[in-house]
Amino acid sequence: MLRFALLLALFAGCDRGPKSEAATPSQAAAAPVTAPAPGKTFGAGVSVAEVTSISKILATPEAFKDKTVKVEGMVLDVCPKRGCWFEIAGEATGQKLKFKVVDGEMVFPVDSKGMYAQAQGKVSVKELTLEESKQHAEYEAKEYGKTYDPASVTKPTLIVRLDGTGAVFRDKK
Amino acid sequence: MRWRHLFRVLHRDIGYVCVALTLAYGLSGLAVNHIEDWNPNYKFASREVDIGPLEGTIDERAKQMIAKLELDPRQVRGHFAETDTQLRVFLGEGQEAVVDTRTGRGTLKTVTTRAVLFEVNSLHLNNLKGAWTYVADLFAIALMFLALTGAVMMKGDRGITGRGKYFIGAGLAIPIAAIVYLYA
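Residues numbered from 1 in each chain as written. Chains lettered and ligands numbered in written order. Predicted model: local features only at pLDDT ≥ 70, side-chain atom pairs only at ≥ 80, totals over all residues.

Turning next to the overall build of chain A. From N to C terminus, chain A includes five helices and six strands. Counting from the amino terminus, helix and strand elements in chain A follow one another as α-α-β-α-α-β-β-β-β-α-β. Across the 173 residues that make up chain A, the buried fraction comes to 31%. At a minimum sequence separation of 6, the contacts of chain A that also span at least 24 residues come to 70%. (Helix = DSSP H or I, 4+ residues; strand = E, 2+ residues; numbered from the N terminus. Buried ≥ 20, exposed ≤ 12 C-beta atoms within 10 Å, placed from the backbone. Contact = placed C-beta atoms within 7 Å.)

Residues and elements named next belong to chain B. Along the chain, L10 falls in helix α1 (residues 2-33). Look at L10 and you get partly exposed, because 14 C-beta atoms sit within 10 Å. Put simply, L10 and L30 are 20 residues apart on the chain and 28 Å apart in space, counted from C-alpha to C-alpha.

So, about the interface of chain B and chain A. Taken together, the contact pairs 27 residues of chain B with 22 residues of chain A. Elements with a minimum of two residues in the side of chain B that touches chain A: β2 (76-81), β3 (86-91), β5 (105-113), α3 (117-124) and α4 (131-152) of chain B. Sorting elements by how many residues they give to the side of chain B that touches chain A places β2 of chain B first, with four residues. For the side of chain B that touches chain A, the class distribution of residues is twelve nonpolar, eight polar and seven charged. (Nonpolar A, V, L, I, M, F, W, Y, C, P; charged D, E, K, R; others polar.)

Turning next to the sheet that holds β2 of chain B. Residues and elements named next belong to chain B. In spatial order, the strands read β1-β5-β4-β3-β2; together these five strands make up an open sheet with antiparallel pairing. Both edges of this open sheet fall to β1 (42-50) and β2, since each of them pairs with a single strand only. For this sheet the average axis-to-axis angle between neighbouring strands, irrespective of direction, equals 15 degrees. For β1 and β5, the ladder comprises nine bridges, and the chain directions are antiparallel. (Pairing = 2+ DSSP bridges. Axes fitted to C-alpha atoms, helices over the stretch in contact; angles between N-to-C directions.)

Our next topic: the domain arrangement of chain B. Assigned domains of chain B: these are domain 1 (2-39 + 123-183) and domain 2 (42-113). Computed over C-alpha atoms only, the centres of domain 1 of chain B and domain 2 of chain B are separated by 48 Å. (Domains from an automatic or database assignment.)

This next bit is on the nonpolar core. Within the largest apolar cluster, 33 residues are counted, with the highest numbers of intra-cluster contacts made by V75, I88 and A117 of chain A. Elements with a contribution of two residues or more to this core: α3 (54-59), β2 (68-78), β3 (85-89), β4 (96-100), β5 (116-127) and β6 (158-170) of chain A. Of the residues forming this core, the biggest block, six residues, is contributed by β2 of chain A. Sequence-distant contacts of I88 of chain A, that is, excluding residues within four places in its chain, are made with I54, V71, G73, V75, L76, K96, L97, F99, A117 and A119 of chain A. Core analysis: the second largest hydrophobic core is formed by nine residues, A62, V89, A97 and V99 of chain B among them. (Core = buried A, V, L, I, M, F, W, Y, C linked by C-beta atoms within 7 Å.)

Residue and element names in this part refer to chain B. Their axes nearest at 9 Å, the elements α1 and α4 cross at an angle of 140 degrees. In terms of orientation, α1 lies oblique with respect to α4. α4 is crossed by α1, and the crossing has left-handed handedness. Between α1 and α4, the contacting residues are F7, L10, H11, I14, G15, C18 and L21 on the first element and F139, A142, L143, F145, L146, T149, G150 and V152 on the second. Classifying every residue of the contact of α1 with α4 by side-chain character gives eleven nonpolar, four polar and no charged. (Parallel < 35°, antiparallel > 145°, perpendicular 65-115°, else oblique. Left-handed = near helix turned anticlockwise from the far one by under 90°.)

Moving on, we get to unusual backbone geometry. Of note, the phi angle at E93 of chain B is positive, near 60 degrees, even though the residue is not glycine. Along the chain, E93 of chain B turns up in the loop between β3 and β4 (96-100).

The largest bend along α1 of chain B reaches roughly 45 degrees and is located at C18 of chain B. Sparse coverage of α1 of chain B is indicated by the burial of three of its 32 residues. (Bend = angle between axes of the 7 residues up to and from the residue.)

It is worth spelling out the pairing of β3 of chain A at this point. Residue and element names in this part refer to chain A. Counting buried positions along β3 yields four of five residues, so the element is predominantly enclosed. Direction of pairing for β2 relative to β3: antiparallel, over a ladder of three bridges. Within the sheet, the bridge partner assigned to V78 lies in β3 and is F86. As consecutive antiparallel partners, β2 and β3 are separated by six residues, and within that stretch G83 has a phi angle of approximately 65 degrees, a positive value. Sheet topology note: the β3/β4 ladder contains five bridges and is antiparallel. Each bridged residue has a counterpart across the sheet, and for F86 the counterpart in β4 is F99. The loop that links β3 with its antiparallel partner β4 comprises six residues; one of these, G94, has a positive phi angle of about 75 degrees.

This is the structure:
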């Protein structure tokens, strides 16, 4: 980590967001944040003022579909291969929301687990068929070295995630 | 001709400058080519733990877990109840303890970066973004320059108009054949 920190120090403040992402109306209308959140910034960072509860998003995903929101919570897992997603903890037991970016646009360090994150992106809601749900579960199990039991997938999966534009990681809230 | 001499000088000196990054990118290329088979950036390890049943609220169980596993409280980042009985405690450097609170059995996971590979992958995949993007752009242009000047450096039978054109053709045929095979 020390070696990488030295490299990062050479290019401090170099993170920037994806060029292709235009600000959505809700982002444009959002009140500017008066002081930038301290911590490590990924992509375009966070600009939406209000924090949306992950519980609310997961409870009524259709109400948030395609809306740009900011969520916050503990980083639970990070994509171990490409660092292209992380899971952020919700308020209740087992509750989590995946934050996904295009491979390479932002790279989240695997050792960020347990850090406090604020993340901003567009809510994506996709309902899979039962067959697609099984294929998805099988793919995830294979990709991340987990066990897959086809019998465990008995109903179509609703995938709710944030298509991310930026995030900020901090050691503590 | 003078231009051939100039190309030779530039090819040689720019080549020297590119040695380090060419080796770094080549090494990283080998590593990330096989990302489906291994993790080119991190090493993961885990060991089984058995600390006995934990009781109380989630916060109390987390405290018991930290004490029984003799974890440094200063390293603890937080905890999360994955289920009513599975508790995760996160530590610095990506360490994590996962325990079934009914039985006390679980795992202590650690993650470490792969020396050298982590750094060269960060450069090669441009994880640093910012200023490095321009360094990488210059390097890419330099590689193209080296390829072109290398191709025309020799004259005669061993040059591009001689057997050189066949080697260039062979080098071109490989990626074209791969694309035709994949998309035809």
